[in-house]
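# Structural overview for review
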Amino acid sequence: MKLSTHADRSEKLAGIRAEDIHKWIDGFFDAESFDHFVRTGSKRGFNPYNHRKYRHCAEALEDAYREFEGKYSREQIKAVFECHLRDDYDGFIPLQEDFESGMFTEKYHETDEPEALEKILSEAELSEYFNGKAYAGYGKKRGKLSAGFYWRIVWPTVIAAVLFASSAFTIIVPVFRNSMMKQKKEMIKELTATAASAIEFYINQEKSGELTREEAQKMAAEEIAELRYGIDNKDYFWITDMQPKMVMHPYRPELVGRDLSNYSDHENKSGKMLFVESVELVKADNEGYLEYLWQWMDDPGRAEPKLSFVRGVPEWGWVIGTGIYIHDVKEEIDRLSHNLLVADGVIAAAMLGLMASVLWQSRRIELDRTRAESGLREAKDRYRALVEGANEGYVLEIDGDTVYSNHTMRRMTGYDEIELSRIKIWEILEPENEVNKFAEEHLKQLYAHTANSAEFEARIITKTGDPLDVLVSTSRIFFSDKNGHVISFSEVSRGRQHTLNAFYQPPESADIPVQEMKEEIARAKTAGQVIQVLKQLPPIVRSMTDQGVKPSLLRETVGSIYDAVARRFIELSLEAEKAPVPFAFISLGSNARHEMTLFSDQDNALIFADVAKEQLAETRRQFLTLADEVCAKLKQAGYPYCPGGIMAANPKWCLSVTEWKKRFGKWILEATPETILEVNVFFDVRCAYGDEPLVSELRKFIQECTEKSPEFFIHYAKNCLGYKAPVGLLGRIRTEKKGDEKTINLKECLKPLETFARIYALKHRVEKPGTLNRLKALRRAEVLHDETFREMEYVFDYLWQLRFFNQIKTNAELSTNTDELDVAALTDIERDNLQSVLSRIPLFQSKLSYDFLGMQV
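This structure is a prediction, so every number in the text was calculated from the model and none was measured. (Residues numbered from 1 in each chain as written. Predicted model: local features only at pLDDT ≥ 70, side-chain atom pairs only at ≥ 80, totals over all residues. Heavy atoms only, no water.)

This part covers empty space enclosed by the protein. Following the criterion strictly, the structure yields 4 cavities of 30 Å³ or more and no others. Here the largest cavity is characterised by a volume of approximately 180 Å³. What lines the largest cavity is a set of 13 residues, among which Phe683, Arg699, Gln703, Leu762 and Val766 lie closest to the centre. Elements represented by at least two residues in the lining of the largest cavity include exactly helix H25 (692–708) and helix H27 (746–763). Looking at the lining of the largest cavity residue by residue, the classes come out as 7 nonpolar, 1 polar and 5 charged. (1 Å grid on protein atoms, 1.4 Å probe; cavity = no way out; pocket = protein on both sides within 12 Å on 5 of 7 lines; lining within 4 Å. Points joined across faces, edges and corners; volume = space filled by probe spheres on them. Helix = DSSP H or I, 4+ residues; strand = E, 2+ residues; numbered from the N terminus. Nonpolar A, V, L, I, M, F, W, Y, C, P; charged D, E, K, R; others polar.)

Right, dumping it as structure tokens:
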């Protein structure tokens with residue numbers, strides 16, 4: 001739209017042209033760059049109209065007030081400003097963020113509209129918009145018109161033509177016939193009235209006594225018999241009585257005096273009892289019309305349709321009537337029908353030509369519409385599939401109503417689409433939660449269309465009552481006559497990709513100290529905030545590996561952060577409901593040993609103080625609820641569930657102190673090879689949260705049991721020796737065929753060292769759970785020689801670090817088993833070093849065999 005047109009519009013709508021305001025709105029040029037652009041058009045990336053996003057938006061209204069203060073009132077400035085923007089942007093007033101997001105493009109007015117505007121969307125652009133020139137699944141029927149087109153365009157046109165043609169015969173011809181018949185009826189009625197008036201004269205003669213009835217009737221009949229009218233004076237009158245009996249008929253004297261009760265015009269092929277019907281008409285209304293066939297004038301061999309009018313003469317009991325032939329009506333109608341057919345033919349030919357042109361144009365429009373509709377349908381299907389398949393939950397708000405929610409949103413909240421459409425989205429926020437104060441206020445303003453787009457954290461309550469931490473993001477959208485917002489909800493979680501990004505994307509600054517990160521976790525008010533802090537861990541570890549820190553420091557960093565996360569999750573879960581009795585949430589396995597990688601799962605259990613037997617089930621239920629919430633949050637934070645189900649949320653591992661003692665007593669005092677397999681992970685215990693004395697009491701009990709059962713160490717030693725290093729008799733690496741790769745399992749390579757440290761720790765009362773911590777304690781106790789310790793430390797660090805980086809590589813490759821190392825992918829020197837390391841493990845195990853199984857000899 002040109003500036004002058006803008007001024008015309010504002011003058012019409014707001015009563016003021018204010019061309020200076022319109023110029024100001026479209027001003028703000030980078031004049032130097034624009035002049036260069038006009039001269040050369042070669043300034044790469046320069047859009048001379050890009051500046052307009054700063055004044056073509058709602059935020060610029062305050063600048064307009066300041067610019068034109070004193071010249072126009074604020075109401076006038078606002079009216080002109082909004083008129084200009086609405087004209088440019090189809091009735092909308094954009095925000096600056098709408099230009100940044102690409103929702104709107106700045107408009108310009110330097111050229112006349114007829115020359116500047118082209119097709120709104122060409123076929124090529126439409127195809128490009130829908131991601132390709134062909135529409136798979138839709139394009140096969142493009143050249144074929146839809147059935148709807150025929151029902152909307154073709155058949156209505158054909159029916160209209162048929163109705164027009166038939167209307168001449170169904171409306172015009174009957175109207176013409178009725179008009180002619182009406183004229184004839186009026187004529188014979190008037191003629192009959194004239195003849196009846198002649199009879200009235202003789203009736204009066206009889207009444208006056210001048211004539212007898214017989215004389216009067218005879219003279220009246222003779223006079224009526226002489227009356228003629230019509231073509232060649234051939235039309236006449238007749239008289240019957242009410243019997244009926246013929247009184248007078250000028251052309252059928254043989255009927256005079258004859259009883260006509262059974263007389264019909266069967267000779268003329270009608271069979272109508274015309275004289276009887278005449279009498280009935282007179283009896284009913286004293287007059288009436290009658291149609292029948294009758295002899296044509298003086299030709300007894302010809303019968304023609306005839307219309308008669310009869311009228312009663314009640315004084316004498318007579319019926320006088322006359323009739324006229326109406327074959328001329330048929331002749332006139334036939335002549336009219338012929339003329340109409342000719343006219344219809346000419347009009348139909350012209351209409352067919354016009355309709356053919358209309359149909360051709362309509363067909364082209366229909367084909368274009370079909371192509372566009374096909375593309376739009378596919379785009380809609382693609383977009384819906386994309387939205388329905390998204391990992392984030394999406395809600396579409398239009399004019400303050402929730403009109404759509406995707407499958408992920410319904411799965412996330414537990415509500416169905418109808419339920420979500422009936423509630424305001426802020427109603428699913430957890431009430432009285434400090435984190436939700438901003439979220440609730442912003443969403444209410446969003447539905448009222450008074451808030452800008454934003455991103456924030458919130459906590460929602462699912463339909464089942466479970467809390468869920470989410471990251472909420474909002475953005476504006478526009479339709480032809482409506483506007484609204486897309487609101488996305490994504491569970492706050494830390495997945496594998498967050499970890500991989502830290503190692504496969506350019507490194508960022510990771511100067512955040514680990515201690516500061518722990519403090520942030522401790523201050524977090526929701527699980528979502530904990531997870532957001534936890535996302536800083538992979539970059540920190542990346543930075544540490546780049547600096548070449550020792551594997552022990554990497555392990556301690558990953559392990560201590562896990563402890564901080566678990567502790568905070570437990571604290572947050574306990575805010576809603578306190579623990580019924582003292583308890584301890586214990587980490588097991590690699591969690592307890594602080595030998596986790598960035599992809600380790602969770603192993604944990606729960607121990608609580610003894611309670612009365614009748615309270616045991618309810619107490620366990622309360623702790624299982626707590627454990628289930630904590631384990632779910634750990635999973636959300638990127639620590640998967642244990643595949644073997646060794647978690648506190650499992651009733652099998654949520655036990656009282658006495659129950660745990662019974663379980664360990666059975667494992668140790670009644671040891672078998674089978675029970676040893678189950679107990680292995682439970683000898684690595686760390687109190688993650690709660691009463692440390694409960695865990696210490698359990699450790700003390702374990703020590704007492706092992707001292708009472710020397711046989712346990714024999715079974716356990718055999719179990720430890722069952723974990724073999726993958727080396728052959730000649731010290732070469734023994735691989736397994738996995739598809740096209742020859743691999744070894746690095747987790748299994750570490751188990752001989754883990755079990756070695758564990759059995760010696762049990763034997764020599766070493767309470768620290770970490771493998772190297774145990775080996776160090778054994779060295780100080782002179783159970784291990786210094787050289788053996790250093791070798792074991794090197795082997796363990798080497799294999800753990802190799803597993804650490806191999807998991808990063810295999811996760812990036814989407815491998816299903818991240819502990820398998822492809823030996824063929826190693827260089828010769830790497831393979832030799834690995835072989836040397838693995839070959840030391842059997843030497844370590846020979847000491848274990850001698851120290852524990854030698855007692856059996």
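Now that the structure has been shown, the text picks up again.
So, about the environment of Thr545. When you line up the elements, Thr545 lands in helix H19 (residues 537–546). A relative accessible area of 17% places Thr545 in the buried class. Remark: the alpha-carbon pair of Thr545 and Phe805, spanning 260 residues in sequence, is separated by 9.9 Å. (Buried < 20%, exposed > 50% of the residue type's maximum accessible area, 1.4 Å probe, protein only.)

What follows deals with the pattern of salt bridges. Using the criterion set out here, one finds 39 salt bridges in the structure. With a closest N to O distance of 2.5 Å, Asp20 and Lys71 form a salt bridge. Taken together, the residues Asp20 in helix H2 (residues 19–25) and Lys71 in the loop between helix H4 (61–67) and helix H5 (74–88) connect sequence positions 51 residues apart. Residue classification places Lys71 among the exposed residues on the basis of a relative accessible area of 55%. A salt bridge links Arg213 to Glu206; its shortest N-O distance comes to 2.8 Å. A network of salt bridges, in which partner residues are shared, links Arg593, Glu595, Asp684, Glu754, Arg758 and Arg774. (Salt bridge = Lys/Arg side-chain N within 4 Å of Asp/Glu carboxyl O.)

With that out of the way, let us pick up a nonpolar patch on the surface. Among the surface-exposed residues, Trp155, Val158, Ile159, Val162 and Leu163 lie close enough to one another that they form a single nonpolar patch of about 460 Å² accessible area. Tracing the backbone shows Trp155 in helix H9 (residues 147–208). (Patch = residues over 30% accessible without salt bridge, like charges linked within 9 Å, V, L, I, M, F, W, Y side chains within 5 Å. Areas by Shrake-Rupley, 256 points an atom, 1.4 Å probe, with all protein chains shown as cover.)

Bringing the nonpolar core into the picture now. Counting residues in each nonpolar core, the largest one holds 122 residues, and the members touching the most others are Phe664 and Leu799. When residues in this core are grouped by element, the largest group, 11 residues, is from helix H20 (residues 551–576). Those residues within four positions of Leu799 in sequence are excluded, and the remaining contacts are Cys749, Leu750, Leu753, Leu834, Val837, Leu838 and Ile841. In terms of nonpolar packing, the next biggest core, distinct from the first, is built from 30 residues, Val173, Met180, Ile203 and Ile320 among them. (Core = buried A, V, L, I, M, F, W, Y, C linked by side-chain atoms within 4.5 Å. Contact = heavy atoms within 4.5 Å.)

Attention now goes to unusual backbone geometry. With the exception of glycine, the majority of residues adopt a negative phi angle, and the majority of peptide bonds are in the trans configuration. Here Gln243 and Pro244 are connected by a cis peptide whose omega angle stands at 5 degrees. Position of Pro244 among the secondary structure elements: in the loop between strand S1 (237–241) and strand S2 (246–248). The residue His449 is not glycine, and still its phi comes out positive at about 60 degrees. Mapped onto the secondary structure, His449 falls in the loop between helix H15 (436–447) and strand S8 (455–461). His449 sits in the partly exposed class, given a relative accessible area of 30%.

In this section: helix H23 (residues 657–669). In this model H23 runs 17 Å from its N-terminal to its C-terminal C-alpha over 13 residues, within 8% of the 18 Å that 1.5 Å per residue would give. Buried residues of H23: Val657, Trp660, Phe664, Gly665, Trp667 and Ile668, and no others. Taken around the axis of H23, the buried residues stretch over an arc of 165 degrees, which confines them to a single face. (Expected span 1.5 Å × (residues − 1). Arc of directions from axis to C-beta.)

Note on helix geometry: an α-helix contains 3.6 residues per turn, so any two residues three or four positions apart are oriented the same way. For H25, which comprises 17 residues, the first-to-last C-alpha distance of 25 Å matches the rise-based estimate of 24 Å (1.5 Å per residue) to within 8%. All buried positions along H25 are accounted for by Leu694, Val695, Leu698, Arg699, Phe701, Ile702, Gln703, Cys705 and Thr706. Those residues of H25 that are buried lie in contact with strand S11 (583–588), strand S12 (604–608), H23, strand S14 (685–690), helix H26 (710–721) and H27.

Where S8 lies against strand S9 (residues 467–478), 7 bridges are found, and the strand directions are antiparallel. Its bridge partner lying in S9, Ile461 is registered against Pro467. In textbook terms, the turn of a hairpin is the stretch between consecutive antiparallel strands, and for S8 and S9 this stretch comprises 5 residues, one of which, Gly465, has a positive phi near 90 degrees. (Pairing = 2+ DSSP bridges.)

For the structure shown, the criterion picks out 34 aromatic pairs. Here Phe438 and Phe456 contribute two aromatic rings whose centre-to-centre distance is 5.3 Å and whose plane-to-plane angle is 85 degrees, an arrangement assigned as edge-to-face. Placement of Phe438 in helix H15 and of Phe456 in strand S8 is noted, with a sequence separation of 18 residues between them. Seen from their ring centres, Phe756 and Tyr760 are 4.6 Å apart, and the 40 degrees between their planes marks the pair as tilted. Taken together, the residues span about one helical turn, with Phe756 and Tyr760 both in helix H27 at a distance of 4 residues. Neither Phe756 nor Tyr760 differs from the other in exposure class; each is buried. Three or more aromatic residues link up through ring pairs in this structure, and these residues are Trp653, Trp660, Phe664, Trp667, Phe682, Phe683, Phe712, Phe713, Tyr716, Phe756, Tyr760 and Phe852. The side chain of Arg74 reaches across the aromatic face of Tyr65, ending 3.8 Å from its centre. (Phe/Tyr/Trp six-rings, centres within 6.5 Å; stacked < 30°, edge-to-face > 60°. Lys NZ or Arg CZ within 6 Å of the ring centre and 35° of its normal.)

Turning our eyes to something else, we now look at the side chain of Thr755. Inspection of the secondary structure puts Thr755 in helix H27. Within the local environment of Thr755, its side chain forms a polar contact with the backbone oxygen of Pro752, the two atoms lying 3.1 Å apart. Excluding its chain neighbours within four sequence positions, the residues that come into contact with Thr755 are Asn680, Cys720 and Tyr723. (Polar contact = N/O pair within 3.5 Å; in protein donor to acceptor, adjacent residues only side chain to side chain.)

Glancing now at the sheet that holds S11. The sheet built from 4 strands is open, its strands ordered S13-S12-S11-S14 with mixed pairing. The open sheet is flanked by strand S13 (654–656) and S14, the only strands paired with a single partner. Geometrically, the sheet is characterised by an average inter-axis angle of 30 degrees between neighbouring strands, direction not taken into account. Sheet analysis places S11 next to S14, joined by 5 bridges and oriented antiparallel. In the sheet register, Leu588 faces S14, and the bridge partner there is Val685. Relative to S14, H20 is tilted by about 35 degrees, and along the sheet it contacts S11, S12 and S14. Lying over the sheet, helix H22 (residues 613–636) contacts S11, S12 and S13, oriented at roughly 150 degrees with respect to S12. (Axes fitted to C-alpha atoms, helices over the stretch in contact; angles between N-to-C directions.)

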